[in-house]
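Each chain, letter by letter, is given below.
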Amino acid sequence: MTGDRVVLGIESSCDETGVGLVRLTADGTVELLADAVASSVDEHARFGGVVPEIASRAHLAAMVPTMRRALDQSGLKLSDVDAIAVTAGPGLAGALMVGVAAAKAYASALGVPLFGVNHLGGHVAVDTLEHGPLPERCLALLVSGGHTQLLLVEGIAEKITEVGSTIDDAAGEAYDKVARILDLPYPGGPPIDRQARLGDPAAIAFPRGLTGPRDPRYDFSFSGLKTAVARWVETEQRAGREIPVPDVCASFQEAVADVLTAKAVRAARDLNVDTLVISGGVAANSRLSALAAQRCAEAGIRLRVPRPRLCTDNGAMIAALGAHVLAAGAKPSPLDMPANPGLPVNTIVIQ
Ligand code: KG4
Ligand code: ZN
C-alpha cells in the first residue's frame with residue numbers, strides 16, 4: 001500500500017542468526033511479515049555455554065540462507081525492502097561484526113538507509129508486533145542468557161533508561177549453571193522448568209539475592225543462588241543421599257521468579273508505570289509468567305509477554321525496532337558504523 005515501508009532486520013549478537021521483515025504502515029503500525037532464525041545452540045551444548053568463535057563462524061554460514069528463508073516466508077524480494085536495521089550491540093564482537101557487515105552490504109547494494117540499533121531495545125520493541133503500540137511509559141524486564149535488566153521505556157525510539165541490572169550472572173546463565181550441577185542438558189532453562197513442575201518449590205529455602213533492606217532496590221544477583229544450589233547438592237551427595245532433582249529445580253526456580261517479579265513490580269510502583277513487558281529467553285519460564293501475572297494483577301499492572309518465539313533472539317525484533325526508529329524520523333547510521341559489543345542501553349540507534 002502507498003506509504004507503507006518494509007524494514008528488514010538482522011540479528012547476530014549471540015548464537016542466533018535472525019532475519020526478520022516487518023511492515024511499517026502509514027499510521028505507524030508495525031506488522032510482522034517474516035521471522036527466520038538459525039541457531040548454533042547445538043554446537044555450543046557440549047561446552048555448556050556459547051563459544052564466541054563457533055558462533056561467529058555459524059553466523060557466517062547461516063546469514064545468506066536465513067535471508068533467503070525470510071524473503072521466501074514474506075513473498076517479498078530484496079528490492080521491496082525500504083530500510084535495513086541491524087543489531088549494532090551489545091553482544092559478542094565477532095558475532096556482531098558478521099551481521100553488521102552483511103547489513104552494510106545489503107544497504108549499499110540496495111541504496112536504502114541503514115540503522116544500527118540496540119539489541120536490548122529490540123527485545124522490548126518486538127512486543128509491539130504482538131500486542132500493538134506501547135504506552136508512553138512502560139517498564140521492561142529483560143531476562144535471557146546474557147541480560148537481566150529493568151528498563152524504563154519512555155518511547156521505544158526515544159528514551160530507554162536502565163533502572164536496575166544483575167551485578168553478576170544473568171538469570172538464564174544461572175539456569176544454565178544449575179542445570180550443569182544437576183547433570184541436565186544445555187540450555188538449562190527448559191529442562192529445569194519441566195523438572196520443577198514435578199517438585200515442591202518450598203522444599204529447600206534458597207537465598208533471594210539483594211533483597212535485604214539495605215540492598216539496591218532494583219538490582220539482581222544470581223551468583224549466590226547458584227553457589228547455594230551447588231553447596232546443597234554437594235552436601236547431600238557427601239551424605240550419600242539421592243538428589244531430589246525436581247525439588248531442587250522447583251526451589252531454585254521459585255527463588256529466581258520471586259526476586260524477578262518482586263523487583264519488577266516494586267520498580268513499576270515506584271516509577272508510577274502501569275505496564276510491564278517481560279522479554280528474553282527466560283520469559284518463556286512457566287513459573288515466572290504465572291507469578292508475574294499474579295503479582296501484576298494484585299498491583300493493577302498490565303502485563304505483556306510476547307510469545308516465546310519472539311522472546312528469544314530473532315531478526316523480527318531488530319526489524320521492529322528499526323521500524324519504530326524510522327517512524328520517529330531518526331537519521332540513518334553511517335555506513336562506516338562499527339559494531340559495539342558494549343553498546344549502552346540508552347543508545348537506541350547509532351548516529
Ligand atoms: O534470549 P535467549 O534465547 O538468548 C540470549 O541469551 O540472548 O535466552 C536464552 C536463555 C538460556 O539461558 C536459557 O536457559 C533460558 O533463556 N531459557 C529459559 C527457559 N527457556 C529458555 N529459562 C527458564 N525457563 C525456560 N523455560
Ligand atoms: Zn537477547
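Under an unreviewed UniProt entry, the name given to the protein is tRNA N6-adenosine threonylcarbamoyltransferase, and the source organism is Saccharopolyspora thermophila. Listed under Catalytic activity (unreviewed entry) in UniProt, the entry text for the protein is "L-threonylcarbamoyladenylate + adenosine(37) in tRNA = N(6)-L-threonylcarbamoyladenosine(37) in tRNA + AMP + H(+)".

This part covers the domain arrangement of the protein. Along its sequence, the protein is carved into domain 1 (5-126 + 314-350) and domain 2 (138-307). Between the C-alpha centres of domain 1 and domain 2 there is a distance of 27 Å. Taken together, the contact pairs 22 residues of domain 1 with 19 residues of domain 2. With both chains or domains summed, domain 1 and domain 2 bury close to 1,600 Å², and 74% of this area falls on carbon and sulfur atoms. The tally of links between domain 1 and domain 2 comes to zero salt bridges. At the junction of domain 1 and domain 2, the tally comes to two residue pairs in polar contact (both at pLDDT 80 or more).

Ordered in space as β3-β2-β1-β4-β5, the five strands form an open sheet in which the pairing is mixed. For this open sheet the edge positions go to β3 (30-39) and β5 (114-118), each flanked by a neighbour on one side alone. Each strand of the sheet is rotated relative to its neighbour by a mean of 20°, with strand direction disregarded. Contacts from helix α2 (residues 52-74) reach β1 (5-11), β2 (16-24) and β3, with the element oriented near 145° to β3. This element, helix α3 (residues 93-110), spans β1, β4 (83-89) and β5 of the sheet and lies at about 160° to β4.

According to UniProt, the feature "binding site: substrate" (unreviewed entry) maps to Leu142, Val143, Ser144, Gly145, Gly146, Asp176, Gly189, Asp193 and Asn285 in the numbering used here. The subset of the named residues that lines the largest pocket consists of Ser144, Gly145, Gly146, Asp176, Gly189, Asp193 and Asn285. With respect to the secondary-structure elements, Gly189 resides in helix α7 (residues 189-196). With relative accessibility at 21%, the residue Gly189 sits in the partly exposed group. You can see Asp193 is positioned in helix α7. Sequence-distant contacts of Asp193, that is, excluding residues within four places in its chain, are made with Gln253, Ala284, Asn285, Ser286 and Arg287.

This brings us to the coordination of the zinc ion (ligand 2). The zinc ion (ligand 2) binds to the protein through His119 (NE2), His123 (NE2), His147 (NE2) and Asp313 (OD), with metal-donor distances spanning 2.1 to 2.7 Å. Here the zinc ion (ligand 2) binds four donor atoms, and the angle range of 89 to 167° at the metal identifies the geometry as irregular.

This next bit is on the site of ligand 1. The full set close to ligand 1 counts 20 residues, and Gly145, Asp176, Gly189, Gly281 and Asn285 are the nearest of them. Separating an oxygen atom of ligand 1 from a side-chain N or O atom of Asp313 is a distance of 3.0 Å. With the chains in place, 89% of the 550 Å² that ligand 1 exposes on its own is no longer accessible. Counting atoms within 2 Å of the grid points, the majority share of ligand 1 lands in the largest pocket. Listing elements by their share of the shell around ligand 1, those giving two or more residues are α6 (171-181) and α7. Partitioning the shell around ligand 1 into residue classes produces five nonpolar, eleven polar and four charged.

About the thresholds
Residues numbered from 1 in each chain as written. Chains lettered and ligands numbered in written order. Predicted model: local features only at pLDDT ≥ 70, side-chain atom pairs only at ≥ 80, totals over all residues. Heavy atoms only, no water. UniProt positions renumbered as here; feature names shortened; annotations may be inferred. Domains from an automatic or database assignment. Contact = heavy atoms within 4.5 Å. Buried area = accessible area lost by both parts, 1.4 Å probe. Salt bridge = Lys/Arg side-chain N within 4 Å of Asp/Glu carboxyl O. Polar contact = N/O pair within 3.5 Å; in protein donor to acceptor, adjacent residues only side chain to side chain. Pairing = 2+ DSSP bridges. Helix = DSSP H or I, 4+ residues; strand = E, 2+ residues; numbered from the N terminus. Axes fitted to C-alpha atoms, helices over the stretch in contact; angles between N-to-C directions. 1 Å grid on protein atoms, 1.4 Å probe; cavity = no way out; pocket = protein on both sides within 12 Å on 5 of 7 lines; lining within 4 Å. Buried < 20%, exposed > 50% of the residue type's maximum accessible area, 1.4 Å probe, protein only. Donors = N, O, S within 2.8 Å, 3.2 Å for Na, K, Ca; no water. Tetrahedral: all angles 85-135°; square planar, octahedral: opposite > 155°, others 65-115°. Near = heavy atom within 4 Å. Areas by Shrake-Rupley, 256 points an atom, 1.4 Å probe, with all protein chains shown as cover. Sits in = over half its atoms within 2 Å of the grid points. Nonpolar A, V, L, I, M, F, W, Y, C, P; charged D, E, K, R; others polar.

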